[in-house]
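# What the coordinates show
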Amino acid sequence: MDRSDFVCIVFVILVIAFSSGTGSVYHGGLESAVTENDGYRMEFVESYTQRAPIIITSNGDFSSQGWPGYGNSTHPYIIEGLNITADSVCISITGTTVYFEIRDCMISSGSSSSFNGIVLDNADHGTIQNCTVDLHNNGIYLSSSISCSLINNTAVDNSDRGFYLHNAHSSTLLNNTAVDNNDGFYLYNSDDSILTNNNASSDTGYGFRLDSSDICILTNNTASTYSTGFFLYSSDSCTLTNNTATSYLTGFSLNFLDYCTLNNNTASSNVNYGIDLYYADTCTLTNNTITNTGFGVNVWLSDDCTLTSNTISSNLHGGVHLSESINCSMTYNTFVDNDLAISGEIVSHWLHSVTDNTVNDKPLGYFKNLTSGTIDGSQYSQVILANCSEVTVEGGVFNDISKGVQLGYCTNCTLLNTIASGNSDYGLYVVDSVNCTLMNNTASNNFEGFRLVDSANCTLKDNTAITNLADGFNLWNSSGCTLTNNTATSNVAHGFSLDNSENCTLTYNSVSSNSECGITLESDCRYSTLYMNRLGDNGLYNGRDVGVSNNWDDGVSVGNYWKDYGGTGTYSISGTAGSVDNYPYVWDMIGAPTVDSPSDVEYSEGASGESITWSPSDDHPESYVIYREGISVKAGLWNSSSEVITISVEGLSIGTYNYTIMVTDVDDNSATDEVSVTVVDGTAPTIDSPSNVEYDEFATGYSITWDPSDLHPVDYSIYRDEILVKSGAWNSSSEVITISVDGLGIGTYNYTIIVTDIGGNIANNEVLVIVADASLPTVDSPANMEFDEFTTGHVLTWHPSDANPQTFTIYKNDIQIKSGLWNSSSESIAIAVDGLSVGTYNYTIMVTDAGGNSATDTVFVVVIPVTTTTTTTTTTTTTTTTTTTTTTTTTETNDMILILAFAGTGIAIVVIIVIIVVRKKNG
């Protein structure tokens, strides 16, 4: 048999071999065996084997029932490719110690069953993989089974739990899905378990619940359920990393446990809490994202917890709440439209380590144990004073958080000239504090404006609460407080509400247009005194009293102004207390006040003494409020019709501001006026004058640096000889502007910078840049030349070099005979020297570059006279004798040419020979 025949036979054999079937049935993964229906419910297909439930109660049952395998880690017993539909436990394995796998099975009951789908009871080393279980009590149930694995399984519509592990330590759950069960994954007393890449969705209870299961690791799991995404109870030292919870109520809830860690998790769209810690000590939360929940992070009765580098944003009721917790640490957390709230019944609940956090791009101002000083509130987006005394917070705008300013366990502290607006809880919040003063503050559009809890002998004066969603001023369990000259108007609930408070005094307050009550004294409110307050147009009652022994006049001759008082007799206060104002006044019933219209104001930023002065008029003036852009910036009593009201408008940043005054008389009639204040940038920038720059061509490291200055820089432009070469933002008055001037050709350049500020003011500066040619040209030195008279073809050639060549001149015996442009450093310069008579000549070349630098070279040319020789030749024949005389000029050079000609001939011969040899060889 030859080789080609052998190859053909082998090919035929291979074709036959690969085209032959084995006759066996392959049980593939879930995707190969089922088709998807309604998302997760699977239709049975022919590749599954229908059979009755399986019950295994010993190691021997595996082999006796015919399941393939040897029961060791490399060759476990295999149960696969089955469709078991029964209203009972479909696969039950109990009391075994061998290795086994259940895979690629469909487990169902046809309708809801009270039995579990797959049960491993006291069966270690089991693996359940690629199975679908539905319509049972618990889809897959492991009890007292150690080191088992659940991989790529789906549990759907089971009435209790999709996956339930009880006393199943060291289990692994990977890539499983639980849908529409009560709880998705439930581990009870199952320590050291690992859950990775599992998904629980649409479950009515918990997505993942761990109960008494310590040292578990949950990574990359997703929960989207009704109740709680991840619920850990009494499960210490667990780690949750990169999990996502979008469950309806709570994202992550950790209760009655210690030393748990949450890293890089996401909680969003949870109604209650993103992360809730309750009696969860020494837990660590790092790099988590909590957004759009009810309350971002609730740390309740949980000591020594650490929150670091978390992002907490847009949660409805607040960012982080430290409630009755001790010694917690918060660093480098970022709050957006959220903040830190603190509460607790003892001072240690307010004392934590809070540093380097930001709220709405400003620092979070947390101060504890200070004993004196003034804090500039404008530097912070939130301020908290904890256990401070003799400290003043002045100024600042605190918007869109939960509590603008908080005082806890403070003594003799003052809040002055602050503005709190749009906060979800309180504008200003004082708790367990004594002798504190709140003066000339404004709270608007918060849930409540001013809130005092468990505080004593505090003073509220000249404050304004307007359009808050509940009460303007609320005092709870506070005593001995004085409220005077405050304004509460258009709040949704009460202007002033005192509950369980005593011995308070309210005087000269203006209370109008609140939806429920002007002033209400709730139950257990006693021994308080109210007079010279003005109350009118409040929704249900101007005044209400359900307390005990409160006085609505001074007891002598002065009561309050009531808009609904008829003018005779006493005024009865609504409520069960039966209180009476014995000396009431009629709220002014006359016409509205008038107010003039001062001219608009415009001034250059930084100017001083700028102000607006109004001269309102009314027979019975009462109060005024001045708003800037709708936010109250000044309020007080309007005491007299001849009184002018002035507000300083200096110190504003560039821009246009709307100042509105509203003056109100005792009948709650009002008048307004608006004044526009425009602050312009009237100051031009300044700029220094750097020295001119001069450098040699090809030198490097040369630049121009300007140092301009302005309060409001905008941009700059740099021109070179009126052509723009660089521009950009001028970001800061401390910023220098630099441009490199390397790489220029020889010449003089004008660099001009123009800097512009926000007001369109400019400053400019010019710098000259001079680039010189300081490098000398070079020129080679051709050899001196010597030749015979009358010969030709003699040329002198130079090869000069320079980066900037310009001209050349050639002299013969100091007389210029040729000149021209020297165009390139690679250009040679030549001159013919034929036709010279016998003698010696001096040829000198001078090359000059663009910088005026020059170089020379001299070559001597010697012309040699010719020697003449006469030769006589005689030729004799039989008839004639001829004599010829030939004159021959002989030189050494002719002999050389003759020799070279022979040599050349030899070379030619050699070449020919070589060619012939090669051709012959190839032939």
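Everything in this summary refers to the structure shown in the same document. None of the values given here were measured: they were computed from a predicted structure.

Each helix and strand counted, the protein chain has 4 helices and 93 strands in total. Burial analysis of the protein chain (923 residues in total) assigns 47% to the buried set. Taking the intrachain contacts of the protein chain between residues at least 6 apart in sequence as the baseline, contacts between residues at least 24 apart amount to 42%. For the protein chain, the computed accessible surface area is about 40700 Å², with 50% contributed by carbon and sulfur atoms.

Close approach of charged atoms allows side chains of opposite charge to pair. In total, this model carries 10 salt bridges according to the counting rule given. The partner of Arg103 in a salt bridge is Glu80, with the nearest N and O atoms 3.0 Å apart. Here Arg103 is found in strand 8 (residues 100–103), whereas its partner Glu80 is found in strand 5 (residues 77–80), with 23 residues between them in sequence. Judged by its relative accessible area of 27%, Arg103 falls in the partly exposed class. Given a relative accessible area of 24%, Glu80 falls into the partly exposed group. Here Asp211 and Arg209 are joined by a salt bridge, their closest N and O atoms 3.4 Å apart. As far as the burial class goes, Asp211 and Arg209 line up, both buried. A network of salt bridges, in which partner residues are shared, links Glu80, Glu101 and Arg103.

Taken in spatial order, the 8 strands line up as 44-46-49-52-55-58-61-64 in an open sheet, and their pairing is parallel. The sheet terminates laterally at strand 44 (373–376) and strand 64 (529–531), the two strands that pair on one side only. Pairwise comparison of adjacent strand axes, ignoring direction, gives a mean angle of 10° for this sheet. Pairing between strand 55 (residues 459–461) and strand 58 (residues 482–484): 3 bridges, direction parallel. Bridge assignment links Leu460 to a residue of strand 58, and that residue is Leu483.

Okay, the environment of Phe230 next. By secondary structure assignment, the location of Phe230 is in strand 25 (residues 228–233). For Phe230 and Thr250, which are 20 residues apart along the polypeptide, the C-alpha to C-alpha distance reads 8.2 Å. Contact partners of Phe230, with chain neighbours within four places excluded, come to Phe208, Leu218, Asn221, Thr222, Ala223, Leu240, Asn243, Thr244, Ala245, Gly251, Phe252 and Ser253.

The nonpolar side chains of a soluble globular protein tend to be buried with one another. Core analysis: the largest hydrophobic core is formed by 84 residues, its most contacted members being Ile93 and Ile102. In this structure Ile102 touches Ile79, Ile91, Ile93, Ile118, Leu120, Thr127, Ile128, Gln129 and Cys131, once residues within four positions along its chain are discounted. Cys413, Leu415, Leu483 and Leu498 belong to the second largest nonpolar core, which has 45 residues in total.

For Asp757, the location among the structural elements is in strand 83 (residues 747–757). Buried Asp757, no salt bridge; nearest opposite-charge side chain is Lys726, N-O distance 21 Å. A polar contact is formed between the side chain of Asp757 and the backbone nitrogen of Gly759, at a distance of 3.0 Å. At a separation of 2.8 Å, a polar atom in the side chain of Asp757 contacts the main-chain amide nitrogen of Asn761. When residues no more than four places from it in sequence are discounted, the contact partners of Asp757 are Asp681, Thr683, Ala684, Pro685, Asp710, His712, Pro713 and Val714.

According to the stated counting rule, one finds 0 disulfides in the structure shown. Here Cys131 stays free of any disulfide, with the sulfur of Cys105 as its closest cysteine sulfur at 4.5 Å. Of the cysteine sulfurs around Cys283, a residue in no disulfide, the closest is that of Cys305, at 4.9 Å. Residue Cys283 is classed as buried on the basis of its relative accessible area, which comes to 0%.

Pairing within the open sheet is mixed, and its 5 strands lie in the order 78-84-83-80-81. The open sheet terminates on both sides in strands that have one partner only, identified here as strand 78 (693–696) and strand 81 (723–729). Shown here is a sheet whose adjacent strand axes are inclined to one another by a mean of 20°, direction ignored. Of the pairings in the sheet, the one linking strand 80 (residues 713–720) to strand 81 comprises 6 bridges and is antiparallel in character. Along strand 81, the bridge assignment pairs Asp715 with Ala729.

Right, let's get into the side chain of Asn198. Here Asn198 lies in the loop between strand 20 (194–196) and strand 21 (199–201). Taking relative accessible area as the criterion, Asn198 reaches 1% and is therefore assigned buried. Polar contacts involving the side chain of Asn198 include one to the main-chain carbonyl oxygen of Leu173, which spans 2.9 Å. Not counting residues within four places of it along the chain, the set of residues in contact with Asn198 comprises Leu173, Leu174, Asn175, Asn176, Phe185, Phe208, Asn220, Asn221 and Thr222.

The subject of this paragraph is the pairing of strand 87 (residues 805–812). Of the pairings in the sheet, the one linking strand 87 to strand 90 (residues 839–849) comprises 7 bridges and is antiparallel in character. Bridged to Pro805 within strand 90 is Asp849. In the sheet, strand 87 pairs with strand 88 (residues 815–821) via 6 bridges, with the strands oriented antiparallel. Across the sheet, Tyr811 pairs through a bridge with Gln816, a residue of strand 88. Taken together, strand 87 and the strand that follows it, strand 88, pair antiparallel across an intervening segment of 2 residues, in which Asn813 is found at a positive phi of about 50°.

What follows deals with the packing of aromatic side chains. A complete count under the given rule lists 25 aromatic pairs for this structure. The interplanar angle of 5° and the centroid separation of 4.8 Å between the aromatic rings of Phe208 and Phe230 together place this pair among those described as stacked. Linking Phe208 in strand 22 (residues 206–211) with Phe230 in strand 25, this pair joins segments that are 22 residues apart in sequence. You can call Phe208 buried: its relative accessible area is 0%. On the basis of an interplanar angle of 20° and a centroid distance of 5.1 Å, the ring pair of Tyr226 and Tyr248 is categorised as stacked. Here Tyr226, found in the loop between strand 24 (222–224) and strand 25, pairs with Tyr248, found in the loop between strand 27 (244–245) and strand 28 (250–258); they are 22 residues apart in sequence, far enough to count as distant. The exposure class assigned to Tyr226 is partly exposed, which follows from its relative accessible area of 48%. An aromatic cluster is present here, built from Tyr206, Phe231, Tyr233, Phe256, Tyr278, Tyr279 and Trp300 joined pairwise through their rings.

The phi torsion at Asp180 lies on the positive side, around 60°, for a residue other than glycine. Of note, Asp180 is situated in the loop between strand 18 (177–179) and strand 19 (183–188). One non-glycine residue, Ser237, lies in positive phi territory at about 55°. With respect to the helices, strands and loops of the structure, Ser237 is situated in the loop between strand 25 and strand 26 (239–241).

Along the chain, Thr241 turns up in strand 26. The class for Thr241 is buried, based on a relative accessible area of 17%. Each C-alpha atom, one on Thr241 and one on Ile217, is 8.0 Å from the other, the two residues being 24 residues apart in sequence.

Cut-offs used in this document
- Residues numbered from 1 in each chain as written.
- Predicted model: local features only at pLDDT ≥ 70, side-chain atom pairs only at ≥ 80, totals over all residues.
- Heavy atoms only, no water.
- Helix = DSSP H or I, 4+ residues; strand = E, 2+ residues; numbered from the N terminus.
- Buried < 20%, exposed > 50% of the residue type's maximum accessible area, 1.4 Å probe, protein only.
- Contact = heavy atoms within 4.5 Å.
- Areas by Shrake-Rupley, 256 points an atom, 1.4 Å probe, with all protein chains shown as cover.
- Salt bridge = Lys/Arg side-chain N within 4 Å of Asp/Glu carboxyl O.
- Pairing = 2+ DSSP bridges.
- Axes fitted to C-alpha atoms, helices over the stretch in contact; angles between N-to-C directions.
- Core = buried A, V, L, I, M, F, W, Y, C linked by side-chain atoms within 4.5 Å.
- Lys, Arg positive; Asp, Glu negative; His and termini not counted.
- Polar contact = N/O pair within 3.5 Å; in protein donor to acceptor, adjacent residues only side chain to side chain.
- Disulfide = S-S within 2.5 Å.
- Phe/Tyr/Trp six-rings, centres within 6.5 Å; stacked < 30°, edge-to-face > 60°.

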